[in-house]
Each structure stands twice: as C-alpha cells, then as structure tokens.
Amino acid sequence: TYFVSRSIIRPLKSLRLAAGRIKNGDLDFRVGVEGKNEIGQLGLAFEEMRVQLRHSIEVQLQYEENRKELVSNISHDLKTPITTIKGYVDGVLDGIADSPEKAMRYMKIISAKADEMDRLIDELFLYSKLDLNKLPFDFERVGIRDFLTDWSEEMKFELEKRNVDWSSDIRLGNSAAVLMDRDKFKRVLGNVIGNAV
C-alpha cells in the first residue's frame with residue numbers, strides 16, 4: 001500500500017493539481033513529478049507543456065506590445081508631414097511663395113511630404129501584421145550631404161512655425177555616401193529634434 005501510494009497515487013494527485021492550475025492560467029510553478037517510470041515521464045511531459053505554454057504567452061504578449069508601440073510611433077510620425085504640408089500650403093495662400101521658383105519648391109516639398117504620409121500609412125498596415133523581428137528596411141546608397149541639406153531645409157521651415165530658430169553646419173564632402181533606409185533615418189532625426197523641442 002505504501003509503495004502504490006508513493007509511486008502512483010501521490011504523483012497522480014500532483015499531476016491532477018498541476019492540470020487544474022494550468023487550466024486556470026497559472027503557469028508560475030514547477031510540476032514536481034519525476035521518475036523513470038511511465039508516471040514520471042508523464043510528469044516530465046506536463047512540465048515541458050507548462051514551460052512551452054508560458055513561453056508562448058510571453059512571446060505573444062511581447063509581440064502585442066511591439067505592435068502597439070509601432071502603431072503609436074507611426075501615428076506620431078504622421079503628424080510631422082501633416083504639419084509641414086499645412087505650413088507650406090499656408091505659405092502659398094499667404095503669398096510667401098512670391099516667385100514661380102519658390103512656388104515650385106513649395107509644391108515639391110508638399111508632394112514629398114504627401115508621399116511620406118503615404119509610406120507611413122502603408123507601414124501602419126504592414127506593421128499591424130508583423131512582429132518586431134521582421135521589421136523591413138529598404139537600404140540604398142545615399143549622398144549624405146544632399147540628404148541632410150534637404151532635411152535641414154524642411155526642418156527649418158517646420159521649426160519656424162513653432163518660433164524655434166534652426167541653423168545647420170554640415171561639414172561633409174560631396175562624395176560622402178552611406179547605405180541607409182531614407183525614411184527610417186529621417187524619422188530618427190525628426191524624433192530626436194522633436195523630442196529636443
């Protein structure tokens with residue numbers, strides 16, 4: 001009787017209690033049924049199942065948190081091109097673009113910002129289906145001086161609307177180039193300046 005109780009009844013009772021805790025969503029424990037017989041192997045299988053379930057739930061929660069963060073970031077990033085478009089449209093309406101060349105430059109910036117919004121919206125839909133480990137990048141060789149000069153001009157106009165003075169000192173040769181994802185890097189720079197303001 002002692003042998004049967006020790007080797008069969010008590011381990012089965014422990015497994016039943018463990019199954020009840022798992023059913024109720026409690027995965028923060030260890031199934032303490034071990035041994036080389038069939039019941040010990042069953043206990044080991046229970047423990048492996050508990051560990052896998054806990055890991056799967058943790059991964060799912062992390063993915064969900066990543067998605068929320070990505071959606072929040074992109075929603076925040078959408079405000080920048082919208083603000084720029086409104087600013088340049090106001091400039092056109094107020095007569096600031098008082099020459100054909102200046103008007104054309106304003107229209108090009110408005111068009112570029114509209115394209116940027118379109119890309120951000122595409123990313124918003126894409127990121128709702130992807131986890132952080134599959135974040136896509138589109139690397140290309142970019143002349144960094146021209147890139148920063150154009151970005152700086154856009155930033156100057158945006159910050160003037162907020163009564164912030166902006167100047168840049170870009171000390172790079174014309175041949176300086178890097179591999180980058182234009183949109184992602186522009187977003188990084190914009191976030192740094194936005195946070196600083």
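Coordinates for the structure precede this section.
Residues numbered from 1 in each chain as written. Predicted model: local features only at pLDDT ≥ 70, side-chain atom pairs only at ≥ 80, totals over all residues. Heavy atoms only, no water.

### Description of the overall build of the protein chain
No. 1: A count of helices and strands for the protein chain gives five helices and two strands.
No. 2: Of the regular secondary structure in the protein chain, the N- to C-terminal order runs α-α-α-β-α-β-α.
No. 3: Per-residue burial over the protein chain gives 28% buried out of 197 residues.
No. 4: By sequence separation, contacts in the protein chain at least 24 residues apart represent 71% of the contacts at least 6 residues apart.
No. 5: If you sum the accessible surface of the protein chain, you get close to 13,700 Å²; carbon and sulfur atoms cover 55% of it. (Helix = DSSP H or I, 4+ residues; strand = E, 2+ residues; numbered from the N terminus. Buried < 20%, exposed > 50% of the residue type's maximum accessible area, 1.4 Å probe, protein only. Contact = heavy atoms within 4.5 Å. Areas by Shrake-Rupley, 256 points an atom, 1.4 Å probe, with all protein chains shown as cover.)

### Some remarks on helix H5 (residues 182-196)
Spacing of three or four residues puts side chains on the same side of an α-helix, whose turn is 3.6 residues.
No. 1: Here H5 spans 21 Å end to end across 15 residues, near enough to the 21 Å set by a 1.5 Å rise per residue.
No. 2: Looking only at H5, the buried set comprises Lys184, Arg187, Leu189 and Ile193.
No. 3: The N-capping residue of H5, defined by a side-chain oxygen 3.2 Å from the backbone nitrogen of Asp183, is Asp181. (Expected span 1.5 Å × (residues − 1). Polar contact = N/O pair within 3.5 Å; in protein donor to acceptor, adjacent residues only side chain to side chain.)

### Focus on the pattern of salt bridges
No. 1: Scanning the model with the defined rule gives nine salt bridges in all.
No. 2: Measuring nitrogen to oxygen at the nearest pair gives 2.9 Å for the salt bridge that ties Glu154 to Lys113. Pair noted here: Glu154 is in helix H4 (residues 144-160) and Lys113 is in helix H3 (residues 100-127), with a separation of 41 residues, a long-range link.
No. 3: Judged by its relative accessible area of 3%, Lys113 is buried.
No. 4: Note that Glu158 and Lys113 form a salt bridge whose closest N and O atoms lie 3.6 Å from each other. Taken together, the positions of Glu158 in helix H4 and Lys113 in helix H3 put the pair 45 residues apart, joining distant regions of the chain. (Salt bridge = Lys/Arg side-chain N within 4 Å of Asp/Glu carboxyl O.)

### Digging into the packing of aromatic side chains
Aromatic ring pairs are reported here in terms of the distance separating the ring centres and the angle at which the planes meet.
No. 1: This model, assessed by the stated rule, comprises five aromatic pairs.
No. 2: Seen from their ring centres, Tyr88 and Phe157 are 3.8 Å apart, and the 25° between their planes marks the pair as stacked. Taken as a pair, Tyr88 in helix H2 (residues 38-93) and Phe157 in helix H4 lie far apart in primary sequence, 69 residues in all. Comparing Tyr88 with Phe157 shows no difference in burial state: the two are buried.
No. 3: Look at Tyr106 and Phe157: their rings are 5.9 Å apart centre to centre, the planes differ by 75°, and that puts the pair in the edge-to-face class. Residue Tyr106 is found in helix H3, and its partner Phe157 is found in helix H4; the two are separated by 51 residues along the sequence.
No. 4: For Tyr106, a relative accessible area of 4% translates into the label buried.
No. 5: Taking relative accessible area as the criterion, Phe157 reaches 12% and is therefore assigned buried.
No. 6: Three or more aromatic residues joined by ring pairs form one cluster here, namely Tyr88, Tyr106 and Phe157. (Phe/Tyr/Trp six-rings, centres within 6.5 Å; stacked < 30°, edge-to-face > 60°.)

What is shown is where atoms sit, not what they do.
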